[in-house]
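Chain by chain, the residues run as shown.
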Amino acid sequence: MIQVSKLTKTFRDRKKGDVHAVRGVSFTCKPGQVFGLLGRNGAGKTTTLRMLATILVPTGGTATVAGFDIVEKSAEVRRRIGYLSGETKLYDRLTGRELLQYFGALAGMSGTNVAARIAALTDRFALAELLDVRVGKMSTGMKQRLSIARVVFHDPEVMIFDEPTAGLDVIAARGVLALIDELKRQGRTIIYSTHIMTEAERICDEVAIIERGEILAEGPVETIRNRVPSRSVEDVFVSVVTGAAGGPIDDR
Amino acid sequence: MTARTMAVFRKEVIDTLRDGRTIFAIFVFPFLLYPAMLTLMSWIESKNDEDARLLQVRVGIVGEAEIPGLREWIAATPGVTPVTLAAAPERLDVGGVDAAFIVPAAVDSAIARGDSVRVELLFNDADNKSTAALQRVRPILDNIRQSLTVTWARSLGAKAEASPPFRVDRRDVSSQTDKGRFFAALLIPYLLVFMVAAGAMQTAVDATTGEKERSTLETLLSTAASRGELVMGKALAVLATSITGAVTGIAGLWLTFNVVTKAMPGMGESSTLQLTIGPDKAFLLFLTLLPAAVFLSAVLVAIGCFARSMREGQTYASYVYMGSVFLGLGSFGQQTPALRQFFIPILNTALLQREILTDTVNTLHAITALGVTTAIAALMLVVAVRLFSNEAVLFRT
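Right, let's walk through the structure included here. (Residues numbered from 1 in each chain as written. Chains lettered and ligands numbered in written order. Predicted model: local features only at pLDDT ≥ 70, side-chain atom pairs only at ≥ 80, totals over all residues.)

## Brief notes about the overall build of chain A
Then step 1. Within chain A one finds 9 helices and 11 strands.
Then step 2. The C-alpha radius of gyration computed for chain A amounts to 18 Å, which stays within 12% of the reference 18 Å derived for 252 residues, consistent with globular compactness.
Then step 3. Look at the contacts in chain A between residues 6 or more apart in sequence, and 65% of them connect residues 24 or more apart. (Helix = DSSP H or I, 4+ residues; strand = E, 2+ residues; numbered from the N terminus. Rg over C-alpha atoms; globule rule 2.2 N^0.38 Å. Contact = placed C-beta atoms within 7 Å.)

Encoded structure:
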C-alpha cells in the first residue's frame, strides 16, 4: 500500500527562487491495484514518484510505502520497491547476468538466491539471449526486457513506474503493459505515471490528474470517464488541466 | 564493509576493466610509453653524442702570441680548428668561429705591474655548435691559468721554467648504485603520487558523474543500498584502480630500466642506473602510499559527485591531478623538509617516501604525514557521502 498525505516538494533555485514542484498531494494506492498519475510534462509526476522511491526528500507532508515512512524508514522502503523510469538506462559495459547479479546484491540477495531468481525469470523475460551479452550491444527491446527483469528481480511488493513506455515501440510498450497487468494480478501495489491517456485507461484502476504540482481530479477510471459525454479519459484530462471542468474534482 | 559495498566495488571494477581508456592508462601506457620514452631519449642522446663527436668546430684566438702554446693546445684538441682573429668579434657567427679566446695585449707587462689580467672564452649558449666548442676547449682554461701563474711567478723573480706539475681536478666517486639510489629517492615518490592520481581520475569520474550522464543514477538510488554504501564501494574501486595504476607504473619503470636497457646495449649512462629498491622498502612505500591513495580517491569521488557532466568532472579531476603533480614536484630539492610540510597531503607522502628511500626516516615526520593524510582522507570520504546524499548537488543542472 502507498499512502500519501499532503506531500510537498519545493526546490530552491538561485535564479527562479522557490520552485513548487509538488503542492500538498494526497492519494492512496492499494495492493492489487494500478494507480495512475496522469499529467503533462513538468506537472510534478516524476518528482512525486522520486519522493516515493526515496530518491528525493519531501519538504512537506508524509507518505508511507508498504507501511514505512519514506523519510524515517527510507532504507526499508527501498527494500520493498521496484522503480522503473522511461528515462533511466542500464550499464552498457555489464552483461545481462552481471547486471541482474549487481542489482540482486544491492537488494541484499545472496549469490544462491540470485542464481535461482535468474533461472526463475529466464523463461518469463526470454533472458537466455540477454544473460551473456553486454547491455551496450543489446537492442532497445532487449534492454527493456532486461530493465523490467531488473525491477521485479528482488520480488518487490510495491512497483513504481515513471512513464516506462517512453521511447518504446508499440510492441515493447505492450510488453510493459502486459507485465503490469500480471503484477497487478499478483496483488502488488503499483503506481504508474504517464501522459498517454490510452495507457491509463487500459491498465489503471484509479487515476489522479496532476497539474502544476497539484492533484486536480482523482477517482476510479470509470467514474472519471463519466465526467464527460465522450467517456474519454483524455477529454476529462484536457478539460481538467485547462480549467474547463471548473476546478478540482474528487470522484472518490 | 557490507555486502552491498562489495557489490558496488565489484561492479565498478568490472566496468573499469572493460573501459578501453582505463585499460590503456593503467596497463598499456606504463609498459609501452616508458620503454618508448627511454628508447627515444637514449636514441636522441646517442645521436647527439655521435653528432658532437663528428662535429668540427672553429675556435678563434685574439692575442695568441700573449700566451705561448695556446694555439697548439687548441690545435691538439680533437675536432677543433684554431683561427687567428685580429679583434674580438661582435658576433661569433660573423667572425666565422664557434667560440673565441680573447687574450688582452701586453699580458707580461700587465702582470709585471701587478695589474689584473682577464682572459675570456666567448661562446653562445643558445647555439649547439658553440656549446660543443666550449666543452672541447674548456680544459684549456686550466692550461691558461697555469701559464699566467708561471708568468706571474717569473715577474716576482722565481725561476719557473715551465708549468708546475700539479693539477686541481674533480672525480665522481659515486657508483651506478649510488646514483640509482639518489635518482630513486628523487623520482619514485613523485612518480608514485603522480601515478596514483592519474590512475584514479578516469574511474572516479566514470563511477560518479558517469551515473548522472548515463541516466543510471535514479535506478541506483532507488535500490536498498544506502548512499554511504554506494560511495564507499565506488571509492574502493577508485582506490583499487589508483593503486593498480601506481603498481603498473612502477613495474613499467622497472621493466624499462632493468630489462629494456639490458636488451638494448649502447643506451646512455643514465639508463644503466640501478633503480632497484628492496622488498622491505617497496612494502613501506606501499604502506605510505595507501593513505594518499585513499585521500585522492575520496577527493576525486567527491568531485565526481559534485560535477554535473563528465566533461565538468574531468575538468575538476584534472585540477586535482595538476595539484598532485605540483605538490609532488614540491618534494624536489627539499633537503631538510620542515615539519609543517608534513601537514600537506601528497607533499608529505612524497617527502616521507624520500626519507624511506634514503634511510633517513624521522618518526615525527612519519606519524604526522600518515596521521594527517589518513584524517583528511576520512574527512573527504564523509564529504563524498554527504555530497552523494545531497539531492541539490546530485540533481543540479
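## So, the overall build of chain B
Then step 1. Broken down by element type, chain B carries 14 helices and 4 strands.
Then step 2. At 31 Å, chain B has a C-alpha radius of gyration far larger than the 21 Å of a compact globule built from 397 residues.
Then step 3. Among the 397 residues that make up chain B, the fraction classed as buried is 40%.
Then step 4. Here the contacts in chain B between residues at least 6 apart in sequence split such that 74% fall between residues at least 24 apart. (Buried ≥ 20, exposed ≤ 12 C-beta atoms within 10 Å, placed from the backbone.)

## Focus on the interface of chain B and chain A
Then step 1. The partner chain A presents 24 residues to the 20 residues of chain B that form the contact.
Then step 2. Where the side of chain B that touches chain A is concerned, the elements lending two or more residues are helix H1 (3-17) and helix H8 (217-221) of chain B.
Then step 3. Tallying contributions element by element places H1 of chain B first for the side of chain B that touches chain A, with 6 residues.

## Comments concerning the packing of helix H12 (residues 347-357) of chain B against helix H13 (residues 363-389) of chain B
Residue and element names in this part refer to chain B.
Then step 1. Relative to each other, H12 and H13 sit at 145 degrees, their axes nearing to 10 Å. Note on packing geometry: the crossing formed by H12 with H13 is left-handed. Residues Asn-348, Thr-349, Leu-352 and Glu-355 of H12 touch H13, and the partners they reach there are His-365, Ala-366, Thr-368, Ala-369, Val-372 and Thr-373.
Then step 2. For the contact of H12 with H13, the class distribution of residues is 4 nonpolar, 5 polar and 1 charged. (Axes fitted to C-alpha atoms, helices over the stretch in contact; angles between N-to-C directions. Left-handed = near helix turned anticlockwise from the far one by under 90°. Nonpolar A, V, L, I, M, F, W, Y, C, P; charged D, E, K, R; others polar.)

## Some thoughts on the packing of helix H7 (residues 176-213) of chain B against helix H11 (residues 310-330) of chain B
All names here are of chain B.
Then step 1. Direction vectors running N to C along H7 and H11 enclose 165 degrees, while the axes themselves pass 9 Å from each other. Classified by the angle between their axes, H7 and H11 sit roughly antiparallel to one another. Crossing handedness for the pair H7 and H11: right-handed. For the pair H7 and H11, the contacting residues are Tyr-190, Val-193, Phe-194, Ala-197, Ala-198, Met-201, Ala-204, Val-205, Thr-209, Gly-210 and Glu-213 in the first and Met-310, Gly-313, Gln-314, Ala-317, Val-320, Tyr-321, Ser-324, Val-325, Gly-328 and Leu-329 in the second.
Then step 2. Looking at the contact of H7 with H11 residue by residue, the class counts come to 14 nonpolar, 6 polar and 1 charged. (Parallel < 35°, antiparallel > 145°, perpendicular 65-115°, else oblique.)

## Side note on the sheet that holds strand S3 (residues 99-102) of chain B
Residues and elements named next belong to chain B.
Then step 1. If you trace the 4 strands from one edge of the open sheet to the other, you get S2-S1-S3-S4, paired in mixed fashion. Edge positions in the sheet fall to strand S2 (80-85) and strand S4 (120-123), since each has one partner strand and no second. The mean inter-strand angle of the sheet, taken between neighbouring strand axes irrespective of direction, is 25 degrees. (Pairing = 2+ DSSP bridges.)

## Regarding the pairing of strand S9 (residues 206-211) of chain A
A regular strand places its side chains so that they alternate between the two faces of the sheet.
Residues and elements named next belong to chain A.
Then step 1. Here S9 lies mainly inside the structure; 6 of its 6 residues are buried.
Then step 2. Going residue by residue along S9, you find Glu-206, Ala-208 and Ile-210 tucked away on one face and Val-207, Ile-209 and Glu-211 tucked away on the opposite face as well.
Then step 3. When strand S3 (residues 34-39) meets S9, the two strands line up parallel, connected through 5 bridges. Within S9, the residue paired with Phe-35 across the bridge is Glu-206.
Then step 4. Across 6 bridges, the pairing between S9 and strand S10 (residues 214-220) is antiparallel. Following the sheet pairing, Ile-210 is matched in S10 by Ile-215.
Then step 5. Between S9 and S10, which pair antiparallel one after the other, the connecting turn spans 2 residues, and Arg-212 there sits at a positive phi close to 50 degrees.

## Let's talk about the nonpolar core
Residue and element names in this part refer to chain B.
Then step 1. If you look at the biggest cluster of nonpolar residues, it comprises 153 residues, and the most contacted ones within it are Val-196, Ala-298 and Ala-384.
Then step 2. In terms of residue count, the dominant contributor to this core is H7 (16 residues).
Then step 3. Beyond its immediate stretch of four places on either side in the chain, Ala-298 contacts Ala-235, Ala-377, Met-380, Leu-381 and Ala-384.
Then step 4. In this structure, Val-80, Leu-92, Ala-100 and Leu-134 belong to the second largest nonpolar core, which totals 21 residues. (Core = buried A, V, L, I, M, F, W, Y, C linked by C-beta atoms within 7 Å.)

## Quick word on helix H9 (residues 233-241) of chain A
All names here are of chain A.
Then step 1. Those residues of H9 not exposed but buried are Val-233, Val-236, Phe-237 and Val-240. Seen from one end, H9 has its buried residues packed into an arc of 100 degrees, which puts them on one side.
Then step 2. Looking one or two residues past H9, Gly-243 carries a phi angle of roughly 85 degrees, positive in sign. (Arc of directions from axis to C-beta.)

## Points about the environment of Ala-162 of chain B
Then step 1. Note on placement: Ala-162 of chain B falls in the loop between helix H6 (128-155) and H7.
Then step 2. Put simply, Ala-162 of chain B and Arg-214 of chain B are 52 residues apart on the chain and 85 Å apart in space, counted from C-alpha to C-alpha.

## Here's the deal with unusual backbone geometry
Residues and elements named next belong to chain A.
Then step 1. The phi dihedral of Thr-54 falls on the positive side, at around 65 degrees, and the residue is not glycine.
Then step 2. Note on placement: Thr-54 falls in the loop between helix H1 (45-52) and strand S4 (60-65).
Then step 3. According to the C-beta neighbour criterion, Thr-54 is buried, with 24 such atoms within 10 Å.
Then step 4. Of note, the phi angle at Asp-155 is positive, near 55 degrees, even though the residue is not glycine.
Then step 5. Residue placement: Asp-155 occurs in the loop between helix H5 (140-152) and strand S7 (158-162).

## A closer look at the sheet that holds strand S1 (residues 2-13) of chain A
Residues and elements named next belong to chain A.
Then step 1. Spatial ordering of the open sheet is given by S2-S1-S4-S5, a layout of 4 strands whose pairing is antiparallel. Each edge of the open sheet is held by one strand with a lone partner, namely strand S2 (17-29) and strand S5 (68-69).
Then step 2. With 5 bridges connecting them, S1 and S4 associate as antiparallel partners. Counterpart to Ile-2 in the pairing with S4 is Val-65.
Then step 3. Sheet strands in contact with H1 are S1, S2 and S4, and its direction is about 115 degrees off that of S1.

## Topic: the environment of Ile-376 of chain B
Residue and element names in this part refer to chain B.
Then step 1. By secondary structure assignment, the location of Ile-376 is in helix H13.
Then step 2. On the basis of neighbour counts, which here come to 19 C-beta atoms within 10 Å, the residue Ile-376 falls in the partly exposed class.
Then step 3. Sequence separation of Ile-376 and Val-294 is 82 residues, and the distance between their C-alpha atoms is 9.4 Å.
Then step 4. Look past the residues within four positions of Ile-376 in its chain and what remains in contact with it is Phe-295 and Pro-345.

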